[in-house]
Amino acid sequence: MDDNAIKVGDFVIVQRQGYTKLHKLKEHGTLSLGSFNMEMDNIVGEKYSDTFQMKNYPGSKKLFTLEKVDEIPSVLSINIEKSGADNRNITDDGQSQNLTTEEIAKLKSEELNSNNIVGKLITNSRTFNEKTEYSQEKYMKKKEKKYFEYVQIRRPTIRLLATMFYRQDPTKTLGIRSDDLSQIITYSNVQAQGTHLLYDSGTSGLLPAALLNQIGAQNPAHLVHVHPGNECQKSAIVAMNFPQEQLARCINVNLYSVLRCFYQNKDAYNSEPQCKKIKLDDSAPKKPGWQIENEKACRLLEVGVDSLVVAAKEHPVSIVDQLVRFLKGGRYLVVFSATREPLQDLYNHLKERLDFIYIRIVSNFMRSYQVLPDRTHPEVNMTSGGYVLTGFKLVS
Amino acid sequence: MSFDGYKTTIEEGDTVILYLTINQVYSVRAEAKTTSKKGVEVDNVFQTPYGALKCAELIGKSYGSKISLSKGWGYVMQPTPELWTLTLPHRTQIIYTPDISMILLQLEIKPGSIVVESGTGSGSLSHALIRSVKPTGHLYTFDFHENRVKLADIEFSQHGLSDYVTVAQRDVCDCGFGAELQNRADSVFLDLPHPWQAIPHTLDVIKESGGRICSFSPCIEQVQKSCGVLSKLGFQEIQTMEVLQTSYAVQTKRLPVLDLDFLQSEKDGSESKGKEREVVKCLTAVPPANMPGHTGYLTFATLPPVWARNLQISLNQQESSGELL
């Protein structure tokens, strides 16, 4: 069983340098990555982490096919004839490059070969040889990145998805940054056992995917995933290619629907789930799927859950108030918010309740570093995260 | 026995977390007797500002319940890796939850993962790794210090986690990780003074289908050397970062409002002197006066699968052409 083979229907992450994109692999299909469109057919049957070269589709300026490469042809690194000592005489007047935009575009459409293109750009640059060595290196790296002709196919993981979603649009995941996500997972104490309750009103499925991933495969743990819409957001969940038995332990229910079922339909879920064999009566109306899920969820909620995680665009107090009654004593509550004020309200509310201790609100400073010899420093750009509230529910 | 899964009642021998206030959290053992520093067996009594706690009386109590002390009360909590990190006896500098959380996410650890760690240190990260890999995964952790290995082994046993972890004494920089672990690990974590010496050995221990590595180092020079070696050996996605956590205390501040309008005209004696000063109530959250400013740099990287490794090495070489390492 080749676990590493890329199959049709898989969700894959296509990576070109630092740019990643999620793609569902069809037998015949194209993907647009930045300004490049590429035909994905040749990936099927290859292995994850394989690298493919983008080859210009004959006759088309922007379409590329992918050809697997096992090694990068060892090109002689571009020879730098000379460099300057500093930039005192260099003026940036936009006139340094002799090639026109059209000429460069023509090079690109003839053959996307970053080494070749970067070489030509350097040859036609008036100021290149005056730059310092570091500046030349930076220039070459920047141009190489722009014309880089290789893509790699990666298997989706939670951290890759979290970083990708945050980079593309933080609002799609309620502003949850990877450090926030990592702490939601640890502080909630989610494990490969027990029942875990999540209210999520808009993380593109990232939070349920992360918690389901932490629950793992082949064990009895369940995740009750409560959402406010008709259908839950699923992007990250499907991207993870979870096995069916694991997906089955993630019970997706609508907030209003499941609470109504819990309080008003006690008979429906209190009885043992009917075996299919007993139901021989064809005239009995078939229960809709969502109702079955509601009942499954209510049965679990009645026993009580071992963690409660809330990430809401709505004000958290009313949601926590309703859902915290399902949280067993001796367990943790974790609430994420992109802004601090709603958590301040929740903090005071929990304090008044008297059945919560160890209530904390935290946020994080996260910074990446550029590590290069003699050029190590924090990266110039930084992102911002949100706030996480944690609390411990007492046993009454 | 109290670290494995969810427990309702305190049993004899359990490690129990005693919570007094947000800044006073301690770990005790639910046992009648304990050994004093001089090696004598004494009654296990834990002194707190709210009175003494006879630890034997914890047995049979519910986790998450309130317990009375002579001058007040406290709460008993089942230990989690986070609580253990805050209360464990330090044999070395430890790694705290914000870094631990990032490590778990970045190393892609989940139930069933095989994780290799060195050095074990005081076992702070180890407990979190074990929670993540349970029940089908395993943690192999190494330390070159004999006593630390012994203590870690005892603690894992007391905590009921021995099934999920193997501790051994080993200098992984010198000897690698051992033949039994050849190509078996999904993730490797290094917290060593000279991680660049251990990194070459990780190529033998990580699975052929690839894996993730993390090196935690307090000093930037260590990071530079490690990144250099990672690049040379064909690792990709080499990323160094730091994570620092700020905690907030929620307070309602009362801000007096100064009424300065009256100064615009001459005093005519008709204002009431006893006028109430207006106060604006402001719900805010205040960070502490002191907080950690640095713990260590986290360097993460991916080891590509064997079929993609040579390609990565040549890609890295092209990138660093001209660099003097």
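Bear in mind the structure is a predicted one, so any value in this text is a computation, not a measurement.

A few words now on the overall build of chain B. When helices and strands are counted, chain B shows 8 helices and 16 strands. Relative to its length of 325 residues, chain B is extended, with a C-alpha radius of gyration of 27 Å against a globular reference of 20 Å. Looking at chain B as a whole, 51% of its 325 residues qualify as buried. A separation threshold of at least 6 residues defines the contact pool for chain B, and within that pool the share at least 24 residues apart is 67%. About 15400 Å² of surface is accessible on chain B, with carbon and sulfur atoms providing 51% of the total. Distance between charge centroids for chain B: 6 Å, based on 29 positive and 36 negative side chains.

This brings us to the pattern of salt bridges. All names here are of chain A. On inspection of all chains with the given rule, the structure shows 30 salt bridges over all chains. Residue Glu46 pairs with Lys68 through a salt bridge whose shortest N-O separation is 3.5 Å. Of this pair, Glu46 sits in the loop between β4 (36-39) and β5 (51-56) while Lys68 sits in strand β6 (residues 63-69), placing them 22 residues apart in sequence. The salt bridge involving Lys141 is made with Glu137; its shortest N-O contact spans 3.7 Å.

Every contact between the two is made by 76 residues of chain A and, on the other side, 68 residues of chain B. Buried surface at the junction of chain A and chain B, both sides included, amounts to about 6000 Å², of which 56% is carbon and sulfur. Here chain A and chain B share 4 salt bridges between them. Of the charged contacts, one joins Glu237 of chain B and Arg154 of chain A as a salt bridge, the two residues approaching to 2.8 Å between their closest N and O atoms. When residues in the side of chain A that touches chain B are grouped by element, the largest group, 13 residues, is from strand β13 (residues 356-370) of chain A. Across the side of chain A that touches chain B, the residue classes tally to 30 nonpolar, 28 polar and 18 charged. As paired elements, β13 of chain A and strand β14 (residues 236-257) of chain B share 9 bridges and run antiparallel to each other. By the bridge assignment, Ser363 of chain A is partnered in β14 of chain B with Thr246 of chain B.

Turning to the pairing of strand β2 (residues 24-29) of chain B, a few remarks are in order. Residues and elements named next belong to chain B. Pairing analysis gives 6 bridges linking strand β1 (residues 15-21) to β2, with the strands arranged antiparallel. Bridged to Thr15 within β2 is Arg29. With antiparallel pairing between neighbouring strands as the criterion, β1 and β2 make up a hairpin whose turn holds 2 residues.

All names here are of chain A. Of all hydrophobic cores here, the largest spans 41 residues; its most connected members are Leu197, Leu333 and Leu389. In terms of residue count, the dominant contributor to this core is helix α9 (residues 255-264) (5 residues). Setting aside residues no more than four positions away along its own chain, Leu389 makes contact with Leu333, Val334, Val335, Leu343, Leu346, Tyr347, Leu350, Ile359, Arg360 and Ile361. Of all hydrophobic cores here, the second largest spans 38 residues; its members include Leu198, Ala239, Met240 and Ala311.

Time to look at the packing of helix α6 (residues 195-205) of chain B against helix α7 (residues 220-232) of chain B. Residue and element names in this part refer to chain B. Close contact between α6 and α7 brings their axes to 9 Å; oriented N to C, the two are set at 25°. In terms of orientation, α6 lies roughly parallel with respect to α7. For the pair α6 and α7, the sense of crossing is right-handed. Taking contact as the criterion, the partners of Pro195, Trp196, Ile199 and Pro200 in α6 are, on α7, Gln222, Lys225, Ser226, Val229 and Leu230. Of the residues assigned to the contact of α6 with α7, the class counts are 6 nonpolar, 2 polar and 1 charged.

Interface extent is often summarised as the accessible area lost during association of the parts. Domain parsing of chain B yields domain 1 (15-79) and domain 2 (86-244 + 293-323). Between the C-alpha centres of domain 1 of chain B and domain 2 of chain B the distance comes to 34 Å.

The next point concerns the environment of Met291 of chain B. Residues and elements named next belong to chain B. Note on placement: Met291 falls in the loop between β15 (278-286) and β16 (297-303). For the pair Met291 and Leu244, spaced 47 residues apart in the sequence, the C-alpha separation amounts to 9.1 Å. Those residues in contact with Met291 that lie beyond four places of it in its chain are Gln245 and Thr246.

We now examine the sheet that holds β2 of chain B. Residues and elements named next belong to chain B. What the 4 strands build is an open sheet, ordered β2-β1-β8-β7; its pairing is antiparallel. Looking at strand neighbours, the two that pair on one side only are β2 and β7 (66-69), the edges of this open sheet. Direction aside, neighbouring strands of the sheet carry axes that sit 35° apart on average.

Residues and elements named next belong to chain B. When the UniProt feature table is mapped onto this chain numbering, "binding site: S-adenosyl-L-methionine" (unreviewed entry) sits at Ser122, Gly123, Ser124, Leu125, Asp143 and Asp191. For the annotated residues, spread through 70 residues, the largest C-alpha to C-alpha distance comes to 13.4 Å, consistent with a single compact locus. When you line up the elements, Asp143 lands in strand β10 (residues 138-143). The class of Asp143 is buried, set by a relative accessible area of 4%. Those residues within four positions of Asp143 in sequence are excluded, and the remaining contacts are Gly119, Thr120, Gly121, Arg148, Val149, Ala168, Gln169 and Arg170. Reaching out from Asp143, the side chain makes a polar contact with the backbone nitrogen of Thr120 at a distance of 3.2 Å.

All right, on to the domain arrangement of chain A then. Residue and element names in this part refer to chain A. Domain boundaries assigned for chain A yield domain 1 (1-155) and domain 2 (158-272 + 286-393). On a C-alpha basis, the centres of domain 1 and domain 2 stand 38 Å from each other. On the side of domain 2, 14 residues touch domain 1, which itself brings 13 residues to the contact. With both sides pooled, the region where domain 1 packs onto domain 2 buries about 1100 Å², and carbon together with sulfur makes up 55% of that total. For the domain 1 face of the interface with domain 2, the top three residues by lost area are Phe11, Leu22 and Tyr134, together amounting to 45%. Summed over the shared surface of domain 1 and domain 2, the number is 1 salt bridge. The partner of Arg375 in a salt bridge is Glu137, with the nearest N and O atoms 3.2 Å apart. Looking at the side of domain 1 that touches domain 2, the elements with two or more residues in it are β1 (11-16), β2 (19-24) and α3 (133-146). Counting residues per element, the side of domain 1 that touches domain 2 draws most heavily on β2, which supplies 4 residues.

The rules behind the values
- Per chain, residue numbering runs from 1 following the sequence as it is written.
- A letter from A marks each chain and a number from 1 marks each ligand, given out in the order of writing.
- For a predicted model such as this one, the threshold for reporting local features is a pLDDT of at least 70, and the threshold for listing and counting side-chain atom pairs is 80 or more; totals across whole chains, interfaces and linings nevertheless cover every residue.
- Hydrogens and water molecules were not included; the side-chain quantities draw on all heavy atoms of the structure.
- Numbering of helices and strands runs from the N terminus; a helix is a DSSP stretch of H or I covering at least four residues, while a strand is a stretch of E covering at least two.
- We take the radius of gyration over the C-alpha atoms and set the globule estimate at 2.2 Å times the residue count to the 0.38 power.
- Each residue gets one of three labels from its accessible area relative to the maximum for its type: buried under 20%, exposed over 50%, partly exposed in between, using a 1.4 Å probe on protein chains only.
- Whether two residues are in contact is decided by their heavy atoms: any pair within 4.5 Å suffices.
- Surface accessibility follows the Shrake-Rupley procedure with a 1.4 Å probe radius. Residue values consider only the protein chains on display as shielding.
- The convention is simple: Lys and Arg are positive, Asp and Glu are negative, and His and the chain ends are not counted.
- A charge is said to be at NZ when it belongs to Lys, at CZ for Arg, at CG for Asp and at CD for Glu.
- Salt bridges are defined by distance alone: a side-chain nitrogen of Lys or Arg within 4 Å of a carboxyl oxygen of Asp or Glu.
- Note on definitions: buried area is the accessible-area loss of two parts on being combined, 1.4 Å probe, summed for both.
- In the scheme used here, Gly and all other residues not listed as nonpolar or charged are polar, with Ala, Val, Leu, Ile, Met, Phe, Trp, Tyr, Cys and Pro taken as nonpolar and Asp, Glu, Lys and Arg as charged.
- Any two strands between which DSSP finds at least two bridges are classified as paired.
- What is meant by a nonpolar core is a set of buried Ala, Val, Leu, Ile, Met, Phe, Trp, Tyr and Cys residues, joined one to another through side-chain atoms within 4.5 Å.
- The axes used here are C-alpha line fits, helices contributing only the stretch in contact, and every angle between their N-to-C directions lies in the interval 0 to 180 degrees.
- If an angle is under 35 degrees, it is roughly parallel; if it is over 145, roughly antiparallel; if it lies from 65 to 115, roughly perpendicular; otherwise it is oblique.
- For any helix crossing, the convention is left-handed if the near helix is rotated counterclockwise from the far helix by under a right angle, and right-handed if that rotation is clockwise.
- For the domains described, the bounds stem from an automatic or database domain assignment.
- UniProt positions are given in the numbering used here, feature names are shortened, and annotations may be inferred rather than shown by experiment.
- N or O atoms within 3.5 Å of each other form a polar contact, as long as, within protein, one can give a hydrogen and the other can take it, and as long as residues adjacent in sequence are counted only when both atoms are side-chain atoms.

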